[in-house]
Amino acid sequence: MNLEQLDALVARADRLLARLEAVLPHPPSAPDWSASIAFRYRKRAGSGVLEPVRHVATIRLAALKEIDAQKERLARNTEQFVAGASANNVLLTGARGTGKSSLIKACLNEYAGRGLRLIEVDKADLVDLPDLIDLVAGRPERFIVFCDDLSFEEGEPGYKALKSMLDGSVAQASDNLLIYATSNRRHLLPEYMKENLSYQHTEDGEVHPGEVVEEKISLSERFGLWISFYPFTQAEYLAIAAQWLRHLGLDDAQIEAARPEALVFALERGSRSGRVAYQFARDLAGRLALGGAAS
């Protein structure tokens, strides 16, 4: 092979490597951190991208009603984190529509001025969590990785990645990052009746879960703080609806007159959640703004 043929071969190899690099996944690159207080992690052509959220939800802690105990615990943990003190990863579990995600967004707005930032990550992308941790490790801001509606099926790769990062991996998260997750499942994995057969009873009456059950509760136990949410009573639902109606400009007389319709709205939806109360308030306020009347 002469020199000219060798040069041609090297050029072909360089072109092939360039094409391969274009399709191979790359670790995420840093975004413009000043573009927003919240970011979404998305996969684009196999590579991770942090996209600034242009319109961040403006909800505030004061706007969330009937979850005062939960609000106090999450705000205290977030305050510790922002102040540079020790704080825990948090799992918020319980009934749907009771304010789990809203509470995290409200904490972001409350502490954004002190350097708090949020990165929303889908459970399917949790395998890239180590790359995200490396990306923010040297930043002065404090980051919450937010996983909404988190649950796993058997064998999903994100499960083991999250489990290792929470507690158990040689490489731990930097001290400027916490994970806040919401879920309707307390143990994050589906549970089956047959698994109860794996429980063992000792002679002194103690109950010990089997290996299958231990595996299913091991992830949730790695969250240092559990915050539970419960279905609202009728009085709590009406109080939340009233708060949203007042926020949307209705006066006390209009709010009082709307109580029966609020109950019917919840009955039709089969739920007295905070989400349903908010949806009712938007529906009624919109109709009144256009000159309509309460039905």
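Note that the coordinates shown come from a computational prediction; the quantities given were computed from them, not determined experimentally.

A. A look at the confidence of the model for the protein chain. With 76% of its residues at a pLDDT of at least 70, the protein chain reaches an overall mean of 82. Confidence drops under a pLDDT of 50 for residues 192-198, and excluding neighbours within four residues, the segment shows nine contacts in the predicted structure.

B. Seen up close, the packing of aromatic side chains. Following the criterion strictly, the structure yields four aromatic pairs and no others. Relative to F280, the ring of F265 lies with its centre 5.5 Å away and its plane at 55°, an arrangement referred to as tilted. Here F265 is found in helix 9 (residues 259-269), whereas its partner F280 is found in helix 10 (residues 274-289), with 15 residues between them in sequence. Looking at F265, the relative accessible area reads 17%, which means it is buried. These aromatic residues form a ring-pair network of at least three members: W33, F39 and F143. In this structure, R142 packs its charged tip against the face of F81, placed 4.7 Å from the ring centre.

C. Region of the structure containing the packing of helix 7 (residues 234-247) against helix 10. Between helix 7 and helix 10, the shortest axis-to-axis distance is 8 Å and the interhelical angle comes to 40°. The angle between helix 7 and helix 10 falls in the class oblique. Seen from above, helix 7 lies across helix 10 with right-handed handedness. Contacts between helix 7 and helix 10 involve Y237, I240, A241, W244 and L245 from the former and G274, V276, A277, Y278, F280, A281 and L284 from the latter. When its residues are assigned to classes, the contact of helix 7 with helix 10 shows 11 nonpolar, one polar and no charged.

D. The nonpolar core, seen in detail. Core analysis: the largest hydrophobic core is formed by 48 residues, its most contacted members being L74, L92, Y237, L245 and F280. For this core, the element with the highest residue contribution is helix 7, accounting for seven residues. Ranked by size, the runner-up nonpolar core spans 27 residues in total, among them Y41, L50, L166 and A181.

E. Structural view of the packing of helix 9 against helix 10. Here helix 9 crosses helix 10 at 125°, and the two axes come no closer than 10 Å. On the basis of the axis angle, helix 9 is oblique to helix 10. Considering only the axes of helix 9 and helix 10, their crossing is right-handed. Listed contacts from helix 10 to E261, A262, F265, A266 and R269 of helix 9 are V276, Q279, F280, D283, L284 and R287. Its residues placed into classes, the contact of helix 9 with helix 10 shows six nonpolar, one polar and four charged.

F. Highlighting the pattern of salt bridges. Inspection of every chain in the model, using the stated rule, returns 11 salt bridges. E110 is paired through a salt bridge with R60; the nearest N and O atoms lie 3.7 Å apart. Within this pair, whereas E110 is found in helix 3 (residues 100-111), its partner R60 is found in the loop between strand 2 (47-52) and helix 2 (68-82), the two being separated by 50 residues in sequence. Relative accessible area serves as the criterion here: at 36%, E110 is assigned to the partly exposed category. Taking relative accessible area as the criterion, R60 reaches 41% and is therefore assigned partly exposed. Where E79 meets R114, a salt bridge forms, and the shortest distance between an N and an O atom there is 2.9 Å. Here R114 lies in the loop between helix 3 and strand 4 (116-121) and E79 lies in helix 2, a separation of 35 residues in the sequence. It is possible to trace a salt-bridge network through shared partners that takes in E261, D283 and R287.

Parameters at a glance
- Residues numbered from 1 in each chain as written.
- Predicted model: local features only at pLDDT ≥ 70, side-chain atom pairs only at ≥ 80, totals over all residues.
- Heavy atoms only, no water.
- pLDDT = per-residue confidence, 0-100.
- Contact = heavy atoms within 4.5 Å.
- Phe/Tyr/Trp six-rings, centres within 6.5 Å; stacked < 30°, edge-to-face > 60°.
- Helix = DSSP H or I, 4+ residues; strand = E, 2+ residues; numbered from the N terminus.
- Buried < 20%, exposed > 50% of the residue type's maximum accessible area, 1.4 Å probe, protein only.
- Lys NZ or Arg CZ within 6 Å of the ring centre and 35° of its normal.
- Axes fitted to C-alpha atoms, helices over the stretch in contact; angles between N-to-C directions.
- Parallel < 35°, antiparallel > 145°, perpendicular 65-115°, else oblique.
- Left-handed = near helix turned anticlockwise from the far one by under 90°.
- Nonpolar A, V, L, I, M, F, W, Y, C, P; charged D, E, K, R; others polar.
- Core = buried A, V, L, I, M, F, W, Y, C linked by side-chain atoms within 4.5 Å.
- Salt bridge = Lys/Arg side-chain N within 4 Å of Asp/Glu carboxyl O.

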